[in-house]
Amino acid sequence: MSSIAKASLCAVMATMAALPGSGGAADAAPPRIGIIGAGKIGGTLAELWVKAGHEVLISSRHPDQLQGLARSLGPKARAGTPREAAVFGDVVLISVPYGALPQVGKDLQNELKGKVVLDTGNPYPERDGEMAVEARRKGTGVASAGFLPGVRLVRAFNAISYRNLKSEAHRAGEPVAIPIAADDEQALAVAMRLVKDAGFEPVVDGPLSRAKAFDVGSPVYVQLLTARELKARLGL
């Protein structure tokens, strides 16, 4: 690891130590999480984060269809619209088909501005059209940042299947590693905490431009790796 990368990681860890609930001096309630897109990834993470003590608001264009899920998650969960989720969350998870991301960015630009946003989406040309081809060419971290202006973006939870997200959380032994990337050190620290709360080990790959290393089709995509194994494959 380069001296620059080491310095960046040290800054992230220092920020993480001061976050609420991390055992630092500012220990407080866990951050509230708004989830835009409560499908297989979003719904599973909602369950994991509620169990870790977070309040969550799951959302879709049809919030009435999410009432059953919200009730099953208990009193820390509620359902609403994407706008309500964007307002509610100290942190916002966006887990929608990639082709919908530009519209989410336009519709909720004011509500999401300045917030830490975790983006899980992957572009598939057969589903999302030509924009997915361009997103893969650029790298999804760079492309997503263009669709979500003004947010503190983190690429996270895009390189694990929903089945493994459910079955491997908090597993015995070494945890499964989740690669993450962001340009904002505090956003990285927040994401690291949420990865741990979900039952996994975060591995910071670097800035958003590095997120391409764990995009669809990369050697680490949907592979169940420990932090040591993931770092080796990413060259960290």
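Residues numbered from 1 in each chain as written. Predicted model: local features only at pLDDT ≥ 70, side-chain atom pairs only at ≥ 80, totals over all residues. Heavy atoms only, no water.

A.B. asks: Whenever I open this one, the overall build of the protein confuses me. Can you help?
C.D. replies: When helices and strands are counted, the protein shows 12 helices and 8 strands. For the protein, with 236 residues in total, the buried portion stands at 49%. The contacts in the protein between residues at least 6 apart in sequence include a share of 68% that link residues at least 24 apart. As presented, the protein carries roughly 10700 Å² of accessible surface, and 53% of it is formed by carbon and sulfur atoms. (Helix = DSSP H or I, 4+ residues; strand = E, 2+ residues; numbered from the N terminus. Buried < 20%, exposed > 50% of the residue type's maximum accessible area, 1.4 Å probe, protein only. Contact = heavy atoms within 4.5 Å. Areas by Shrake-Rupley, 256 points an atom, 1.4 Å probe, with all protein chains shown as cover.)

A.B. asks: Would you mind going over the side chain of Asp-197 with me for this structure?
C.D. replies: Relative to the assigned elements, Asp-197 resides in helix 11 (residues 185-198). Owing to a relative accessible area of 17%, Asp-197 belongs among the buried residues under this scheme. Polar contacts involving the side chain of Asp-197 include one to the side chain of His-54, which spans 2.7 Å. Beyond its immediate stretch of four places on either side in the chain, Asp-197 contacts Leu-48, Trp-49, Ala-52, His-54 and His-170. (Polar contact = N/O pair within 3.5 Å; in protein donor to acceptor, adjacent residues only side chain to side chain.)

A.B. asks: Explanation requested: the nonpolar core in the structure shown.
C.D. replies: The nonpolar side chains of a soluble globular protein tend to be buried, and buried together. Leu-45, Trp-49, Leu-118, Val-154, Phe-157, Ile-180 and Phe-200 are the most contacted members of the largest nonpolar core, which totals 39 residues. In terms of residue count, helix 11 provides more of this core than any other element does, 8 residues in total. If we skip the residues at most four places from it in the chain, Phe-157 touches Ile-41, Leu-45, Trp-49, Leu-118, Thr-120, Leu-165, Ile-178, Pro-179, Leu-194, Val-195 and Ala-198. Judged by nonpolar contacts, the second largest core, of 20 residues, contains Val-104, Ala-143, Leu-153 and Leu-208. (Core = buried A, V, L, I, M, F, W, Y, C linked by side-chain atoms within 4.5 Å.)

A.B. asks: Got a minute to help me understand the environment of Ile-180 in this structure?
C.D. replies: Relative to the assigned elements, Ile-180 resides in strand 7 (residues 177-182). Judged by relative accessible area, which is 0%, Ile-180 ranks as buried. For Ile-180 and Gly-141, which are 39 residues apart along the polypeptide, the C-alpha to C-alpha distance reads 9.9 Å.

A.B. asks: It is not clear to me how the sheet that holds strand 7 should be interpreted in this structure. Could you clarify?
C.D. replies: Whether parallel or antiparallel, the strands of a sheet pair through hydrogen bonds between backbone atoms. With mixed pairing, 8 strands are arranged side by side in an open sheet as 3-2-1-4-5-6-7-8. Of all the strands in the sheet, the pair left with one neighbour each is strand 3 (77-80) and strand 8 (201-206). Taken over all neighbouring pairs, the strand axes of this sheet differ in orientation by 25 degrees on average, direction set aside. Note that strand 1 (residues 33-36) and strand 4 (residues 91-94) share 4 bridges and pair parallel. Within strand 4, the position partnered with Ile-33 by the bridge is Val-91. Along the sheet, helix 12 (residues 227-234) makes contact with strand 7 and strand 8, crossing strand 8 at roughly 15 degrees. (Pairing = 2+ DSSP bridges. Axes fitted to C-alpha atoms, helices over the stretch in contact; angles between N-to-C directions.)

A.B. asks: What exactly am I supposed to notice about the packing of aromatic side chains here?
C.D. replies: Given two aromatic rings, one states the distance between the centres and the angle between the planes to describe the pair. Scanning all chains against the criterion turns up 2 aromatic pairs. When the centroid spacing of 6.0 Å and the interplanar angle of 80 degrees are considered together, the rings of Trp-49 and Phe-157 count as edge-to-face. Placement of Trp-49 in helix 2 (residues 40-51) and of Phe-157 in the loop between strand 6 (152-155) and helix 10 (162-167) is noted, with a sequence separation of 108 residues between them. Judged by relative accessible area, which is 2%, Phe-157 ranks as buried. Plain terms: the ring middles of Tyr-98 and Phe-147 are 6.0 Å apart, the flat faces sit at 70 degrees to each other, and that makes the pair edge-to-face. (Phe/Tyr/Trp six-rings, centres within 6.5 Å; stacked < 30°, edge-to-face > 60°.)

A.B. asks: Can you help me understand the packing of helix 2 against helix 11 in this one?
C.D. replies: The geometry of helix 2 relative to helix 11 is characterised by a closest axis approach of 8 Å and an angle of 85 degrees between their N-to-C directions. The pairing of helix 2 with helix 11 is recorded here as roughly perpendicular in orientation. Mapping the contact onto sequence places Leu-45, Leu-48 and Trp-49 in helix 2 and Leu-194, Asp-197 and Ala-198 in helix 11. Split by residue class, the contact of helix 2 with helix 11 holds 5 nonpolar, no polar and 1 charged. (Parallel < 35°, antiparallel > 145°, perpendicular 65-115°, else oblique. Nonpolar A, V, L, I, M, F, W, Y, C, P; charged D, E, K, R; others polar.)

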